[in-house]
There are 2 protein chains.
Amino acid sequence: MIVAHPQLENSDVQPFFREAIANFSNVTWHPITNSFDVLEEQKLLISHERIIFEFPLYWYSAPAVLKHWLDDVFTMKFTTGNRYALAGKELGIVVSTGDKERSFRAGEEEQFTISELMRPYQALAGKVRMHYLPVLAVHQFLYLTPDDQQRLMIRYQQYLTNPKFEHFSERSEWFQQQLQERIRANATMAPELEQILNVIQNNQDELDDLQWNLTELKKEEDS
Amino acid sequence: MIVAHPQLENSDVQPFFREAIANFSNVTWHPITNSFDVLEEQKLLISHERIIFEFPLYWYSAPAVLKHWLDDVFTMKFTTGNRYALAGKELGIVVSTGDKERSFRAGEEEQFTISELMRPYQALAGKVRMHYLPVLAVHQFLYLTPDDQQRLMIRYQQYLTNPKFEHFSERSEWFQQQLQERIRANATMAPELEQILNVIQNNQDELDDLQWNLTELKKEEDS
């Protein structure tokens, strides 16, 4: 997580994100400022598989602090040249905005989609041979209901840690892993969590059955 | 001209641009650094009609110094709020790249067009109610022939000073104005320049005649 926020202490969404990843030992939360050591930053990048730029949208782009970091850390020698040190890694973007989601489209207030506005990062990923992930955009965080916040937290955790966060079957598997870890870590809660885990596993078995039936039905129709 | 170049003294194209506007008293060449006075910058913007961001393309965007300036100078209160201090002005972009023009399209090296990559500035212009001008992109300046450099200089001058720089008739008028100014300023060259001015004016008259004939022919066809 390359966190680029000029007023981190005043952010509402950042403490929420930080709490969301508190239990993930394989995630590094790395807020940046205008002062950094280029070689240290490059080492940090090399030691991670999924790199995520996290920032509030300032004038349809990241705050200057991220561009400063990018201009300095993503040297040609490091990113292209004959090394391509980041090749094969993933590049994700978590962007928060104060506008409604529907404002970001032609004919509405912001005219362009978040995907269009993030083109420079998509182009960057292509150039340095990283896989560009679908952007995770958070709109009007403060207006989210507690339920929506909970859903966002899980989406966020998956965005950071789930290899294929957009696929339903992978999502279910990820949930089961998370629960198993919590069961191991928390003896008091274990019995309750085990029940939830059982429900999810049963649901997954049912879904697998349904999927199998559907496939068979299709085969019959086709023949 | 808001010039954002972290290594102005090493730039090849910047001295060329600066020379191009040396004789234009109504153009302000304003290189920016990380240190500026927000109110002074805002005053400068208000006192000009066409505002141009000029920069080399760094990771598919402007160098960080422009974003820093934008984040600080384009305050909500100044640009939107109930003031819209920049409304009705024009926003242009002069961007130089080290790549070929044809690299900037789907399927080629850079994957996206310059227009797509500049979306954040287009969105900015829309938000603060400025008119967004077509981008002037300069590709591989060092490889330009002297003739191409000359043509670029004129395109650049027109981009800065010609109200409607994309329209042929306006271009011709602009040339005539430029020549008349040079004739006034330079007595030695005046006779030669007057001859050129005559040729252009005669050409323009002939073109106007042709245009008139074409219109008449169309009328006859339509009736």
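Let us look at the structure shown here. All values reported here derive from a predicted model rather than from experimental measurement.

How each quantity is defined
Residues numbered from 1 in each chain as written. Chains lettered and ligands numbered in written order. Predicted model: local features only at pLDDT ≥ 70, side-chain atom pairs only at ≥ 80, totals over all residues. Heavy atoms only, no water. Least-squares fit on C-alpha atoms with pLDDT ≥ 70 in both. Contact = heavy atoms within 4.5 Å. Salt bridge = Lys/Arg side-chain N within 4 Å of Asp/Glu carboxyl O. Helix = DSSP H or I, 4+ residues; strand = E, 2+ residues; numbered from the N terminus. Buried < 20%, exposed > 50% of the residue type's maximum accessible area, 1.4 Å probe, protein only. Buried area = accessible area lost by both parts, 1.4 Å probe. Polar contact = N/O pair within 3.5 Å; in protein donor to acceptor, adjacent residues only side chain to side chain. Nonpolar A, V, L, I, M, F, W, Y, C, P; charged D, E, K, R; others polar.

Comments concerning the relation of the copies chain B and chain A
Note that the two copies of the chain are related through a rotation about an axis and a translation along the same axis.
Moving on, step 1. When chain B is fitted to chain A, the best match, at an RMSD of 0.2 Å, comes from turning it 180° and sliding it 0.1 Å along the axis. Considering both components of the superposition, the chain copies are consistent with a two-fold axis. Taking C-alpha positions as reference, the residue of chain B nearest the rotation axis is B:Ala64, located at 2.7 Å.
Moving on, step 2. The fraction of interface residues of chain B whose copies in chain A are also interface residues reaches 100%, indicating that both copies meet through the same surface.

What about the pattern of salt bridges?
Moving on, step 1. Applying the stated criterion across every chain, the model contains 20 salt bridges over all chains.
Moving on, step 2. Put simply, A:Lys67 and A:Asp71 hold a salt bridge, and the shortest N to O gap is 3.2 Å. Taken together, the positions of A:Lys67 and A:Asp71, both in helix H3 (residues 64–73) and 4 residues apart, correspond to about one turn of that helix. As far as the burial class goes, A:Lys67 and A:Asp71 line up, both buried.
Moving on, step 3. Residues B:Lys127 and A:Glu109 are paired through a salt bridge, measuring 3.1 Å at the closest nitrogen-oxygen approach. Of this pair, B:Lys127 sits in helix H6 (residues 119–127) while A:Glu109 sits in the loop between strand E4 (90–97) and helix H5 (114–117), placing the two residues on different chains.
Moving on, step 4. Counted as one network, the salt bridges with shared partners bring together A:Glu109, A:Glu110 and B:Lys127.

Some words on the interface of chain B and chain A
Moving on, step 1. Contacts between the two partners involve 26 residues from chain B, matched on the other side by 26 residues from chain A.
Moving on, step 2. Interface area for chain B against chain A, summed over the two sides, is near 2300 Å², with a carbon-plus-sulfur share of 67%.
Moving on, step 3. Three residues, B:Trp59, B:Lys67 and B:Lys127, lead the burial of chain B against chain A; their summed loss comes to 32% of the area buried on that side.
Moving on, step 4. Put simply, chain B and chain A have 6 salt bridges between them.
Moving on, step 5. A:Lys127 is paired through a salt bridge with B:Glu110; the nearest N and O atoms lie 2.8 Å apart.
Moving on, step 6. Summed over the shared surface of chain B and chain A, the result is 12 residue pairs in polar contact (both at pLDDT 80 or more).
Moving on, step 7. Elements with a minimum of two residues in the side of chain B that touches chain A: helix H3 (64–73), helix H5 (114–117) and H6 of chain B.
Moving on, step 8. For the side of chain B that touches chain A, the leading source of residues is H6(B), giving 6 residues.
Moving on, step 9. The class makeup of the residues in the side of chain B that touches chain A is 14 nonpolar, 4 polar and 8 charged.

Keep in mind these values describe shape, not function.
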